[in-house]
Amino acid sequence: MIGNVAIDGGKSDTEKSRTPSAPARRSRRVRMTGKERREQLLDIGRTLFAEKGYEGTSVEEIASKAGVSKPVVYEHFGGKEGLYAVVVDREMRQLLDMVTSSLTAGHPRELCEQAAFALLDYIEEYTDGFRILVRDSPVAQSTGTFASLISDIATQVEDILGMEFKARGFDPKLAPLYAHALVGMVALTGQWWVDTRRPKKNEVAAHLVNLAWHGLGNLEAKPRLIGHRKV
């Protein structure tokens, strides 16, 4: 009888189980602000440049790791060269700030210690940045980003050496020569230490200052050559 038949406009549990479920709502990708995207690209570029160098890094790889298209990279930096320039500039300012802010002591020997520690601290805390600075511009070269940075640091040191030279009766005009020699010695040692990390940082600093200080402490006012070659 019709009266005994339950009329249900809905579907039975069996029918419901056979009905394809609605597709799961996709999680929305968090949209970054322009500033956040720029910082993300800089972080990714910094890591890749440290690992592969400038030539070994491509815009495609940077964009892929950021989850964006290549035009986004061009929009923010104009290309790989622009991104690399910003990364290098940041690292140079970071290292220079660490060195200049560390030179606070009055005694010249302690100043040497502070300068050595500043560079070693940077290498330890900003290893990727140091690799970027020295990978494509070795410290031994006379030009390039790291060479210009070393020159900037030496300029800070030469003022201190100039005063010390004058007090000891040496020619202060030679301070730039000694400043570049000392800073270059520390920089080259740091380039070696970034991979070995032995001995410990404080030991490396102590040995650097040992060589620098005892060398400076026994300077001849007019150094002479003992070999046959004079020119």
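Cut-offs used in this document
- Residues numbered from 1 in each chain as written.
- Predicted model: local features only at pLDDT ≥ 70, side-chain atom pairs only at ≥ 80, totals over all residues.
- Heavy atoms only, no water.
- Phe/Tyr/Trp six-rings, centres within 6.5 Å; stacked < 30°, edge-to-face > 60°.
- Buried < 20%, exposed > 50% of the residue type's maximum accessible area, 1.4 Å probe, protein only.
- Lys NZ or Arg CZ within 6 Å of the ring centre and 35° of its normal.
- Core = buried A, V, L, I, M, F, W, Y, C linked by side-chain atoms within 4.5 Å.
- Contact = heavy atoms within 4.5 Å.
- Helix = DSSP H or I, 4+ residues; strand = E, 2+ residues; numbered from the N terminus.
- Axes fitted to C-alpha atoms, helices over the stretch in contact; angles between N-to-C directions.
- Parallel < 35°, antiparallel > 145°, perpendicular 65-115°, else oblique.
- Nonpolar A, V, L, I, M, F, W, Y, C, P; charged D, E, K, R; others polar.

Here the focus is the packing of aromatic side chains. One pass over the full model with this rule turns up seven aromatic pairs. An angle of 20 degrees between the planes, with centres 5.5 Å apart, marks the rings of tyrosine 122 and tyrosine 126 as stacked. Judged by its relative accessible area of 26%, tyrosine 126 falls in the partly exposed class. Each residue in the set Phe49, Tyr54 and Tyr84 is aromatic and connected to the rest through ring pairs, giving one cluster. When the ring centre of tyrosine 54 is taken as reference, the NZ or CZ atom of lysine 80 above it lies at 4.2 Å. Between the NZ or CZ atom of arginine 197 and the centre of the ring of tryptophan 193, over which it lies, the distance is 5.2 Å.

Judged by nonpolar contacts, the single largest core of 55 residues is most densely connected at Leu95 and Phe146. For leucine 95, the contacting residues outside a window of four places in its chain are Leu119, Tyr122, Leu133, Phe146, Leu149 and Ile153.

The next point concerns the environment of glycine 169. Its location among the elements puts glycine 169 in the loop between α8 (145-168) and α9 (175-196). Spatially, the C-alpha atom of glycine 169 lies 7.7 Å from that of alanine 221, the residues being 52 residues apart in sequence.

Their axes nearest at 9 Å, the elements helix α2 (residues 34-56) and helix α5 (residues 80-102) cross at an angle of 90 degrees. In terms of orientation, α2 lies roughly perpendicular with respect to α5. For the pair formed by α2 and α5, the contact residues are Arg38, Glu39, Leu41, Leu42, Gly45, Arg46, Phe49, Tyr54 and Glu55 on the first element and Lys80, Glu81, Leu83, Tyr84, Val86, Val87, Arg90 and Glu91 on the second. Taken together, the residues of the contact of α2 with α5 break down into eight nonpolar, one polar and eight charged.

Here we take up unusual backbone geometry. Omega for the peptide link from arginine 198 to proline 199 comes to 0 degrees, which places this bond in the cis form. Here proline 199 lies in the loop between α9 and α10 (201-217). Positive phi, normally seen in glycine, also occurs at arginine 197, with a value near 55 degrees. By secondary structure assignment, the location of arginine 197 is in the loop between α9 and α10.

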